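Understanding the architecture of this molecule
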Amino acid sequence: MADIQRILCPVDFSEGARHALEHAIVFAKWYAAPITVFHVYSAPQPLVPISTVPGDVPLLPALQPEEVGEEVRRFCRPLTPADVSLAFAVKAGSPAKEIVRHADDISADLLIMGTHGRGGFERLILGSVTEKVLRTTQRPVLTVPPPVHTPAPGPATYKTILCPLELSEASSRALEYALSLAKEADARLILLHVVEGVTEHPHPSEAAHFNVPEYHRYLEQDAMTRLKAAIPDEARTWCQPEERVESGKASREILRVAADTRAELIVMGVHGKGAIDRWLFGSTTNHIIREATCPVLTLRA
């Protein structure tokens, strides 16, 4: 099951970061885990070389870490309940690089980030901080989009969790997390496998004894059997997972099912560095993170 002992929540003072912190607080309460709120800033540089500055022209004062830290505290203060432990850290440098480094330094079990930072969501595929972190970190990341509607007062909820499964090693870890989160939230858990087509099957020779419609039905039945078998028996004593098999393009079907079921969280596994690098070229995970209206938790195999 998920073991979340340390949470890292990078903030940039945007509304996206504020919304991400609200979700971080939910996880912190569930797992009694402290949150480290982290901000990366750029120290201002002199506008001209020091040697050419006249003595009566003052240089721009360097930004002090203590001042930045106080701004971070002011940003968090209205959002944080008394029963959640917050630590604060600031660092000058490149945001994505420092976020990944700090996550490793504190052995963060979960990173929680907004997809809409100061640069705008449209930059997610053009080198945004969130996209760079997703490509380089080995740690689980919860990406939080802006709310579609004005959020209701109170903490974020995850009463319906969607877990798309490829029935692979990466999927096994995603399923483990999804089960743990469903237990914490007392949530409806939907397991989904998408059959994309006969040619996608790893053993196409098995289709030799079927015509295409028959073989497609075989793939759907096989996927349903494997979905049901993936749930540990003990998990069925406290939840009633719903298994679904759909056909079509994976990203489109995942987003459709998420919308139809009003999923409040999507949990999915990715295969590793090669799969992450292909996000910029239209992979399933990239589409889901860019287009989902609910948070998406991605986990490396």
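Anyway, here's the lowdown on the structure attached to this text. All figures in this text were calculated on a predicted structure; none of them were measured in a lab. (Residues numbered from 1 in each chain as written. Predicted model: local features only at pLDDT ≥ 70, side-chain atom pairs only at ≥ 80, totals over all residues. Heavy atoms only, no water.)

Brief notes about the packing of aromatic side chains
Cut-off, in case you're wondering: Only rings of Phe, Tyr and Trp enter the pairing, Trp through its six-membered ring, and a pair is recorded when the two centres are within 6.5 Å. The plane angle decides the type: under 30 degrees is stacked, over 60 is edge-to-face, the rest tilted. Helix and strand assignments follow DSSP, with helices taken as H or I runs no shorter than four residues and strands as E runs no shorter than two, numbered in order from the N terminus. Note on exposure labels: buried denotes an accessible area under 20% of the residue type's maximum, exposed denotes more than 50%, and partly exposed covers the range between, all computed with a 1.4 Å probe on protein chains only.
What the rule picks out here adds up to 5 aromatic pairs. Aromatic side chains Phe13 and Phe75 sit 5.6 Å apart centroid to centroid with 80° between the ring planes, which places their arrangement in the edge-to-face category. Pair noted here: Phe13 is in the loop between strand S1 (7-10) and helix H1 (15-31) and Phe75 is in helix H2 (residues 65-76), with a separation of 62 residues, a long-range link. Exposure remark for Phe75: the relative accessible area of 8% places this residue in the buried category. Aromatic pair Tyr215 and Tyr218: ring centres 5.5 Å apart, planes at 25°, arrangement stacked. Placement of both Tyr215 and Tyr218 in helix H6 (residues 212-230) is noted, with a separation of 3 residues, approximately one turn of the helix. Residue classification places Tyr215 among the buried residues on the basis of a relative accessible area of 1%. What makes Tyr218 partly exposed here is its relative accessible area of 28%. A connected cluster of aromatic rings, assembled from ring pairs, spans Phe27, Trp30 and Tyr158.

Quick word on the pattern of salt bridges
To be explicit about the condition: A pairing counts as a salt bridge when a side-chain nitrogen of Lys or Arg comes within 4 Å of a carboxyl oxygen of Asp or Glu.
Evaluation of the coordinates by the stated rule reveals 16 salt bridges. For the salt bridge of Asp83 with Lys29, the shortest nitrogen-to-oxygen distance reads 3.9 Å. Of the two residues, Asp83 sits in the loop between H2 and strand S3 (86-92) while Lys29 sits in helix H1, which places them 54 residues apart along the sequence. Overall, Lys29 belongs to the partly exposed group, its relative accessible area being 44%. Ionic pairing is found between Arg226 and Asp222, a salt bridge with its closest N-O pair at 3.8 Å. Taken together, the residues span about one helical turn, with Arg226 and Asp222 both in helix H6 at a distance of 4 residues.

Section: the packing of helix H3 (residues 95-105) against helix H4 (residues 129-136)
Here is the rule we go by: Here the axes come from fitting lines to C-alpha atoms, over the contacting stretch only for helices, and the angles between their N-to-C directions go from 0 to 180 degrees. Note on angle classes: values under 35 degrees are labelled roughly parallel, values over 145 roughly antiparallel, values of 65 to 115 roughly perpendicular, and the remainder oblique. Left-handed is the label given to a crossing in which the near helix is rotated counterclockwise from the far helix by less than a right angle, and right-handed is the label when the rotation is clockwise. Contacts are residue-level and defined by heavy atoms, with any inter-residue pair within 4.5 Å sufficient. Under the convention adopted here, Pro, Cys and the residues Ala, Val, Leu, Ile, Met, Phe, Trp and Tyr are nonpolar, Asp, Glu, Lys and Arg are charged, and Gly plus all remaining residues are polar.
Relative orientation of the contacting elements H3 and H4 amounts to 40°, with a least axis distance of 9 Å. Classified by the interaxial angle, the pair formed by H3 and H4 is oblique. Every pair of crossing elements has a handedness; the one defined by H3 and H4 is right-handed. Only Val129, Lys132, Val133 and Thr136 of H4 make contact with H3, whose side of the interface consists of Pro95, Ala96, Ile99 and Val100. Taken together, the residues of the contact of H3 with H4 break down into 6 nonpolar, 1 polar and 1 charged.

By themselves these figures say nothing about function.
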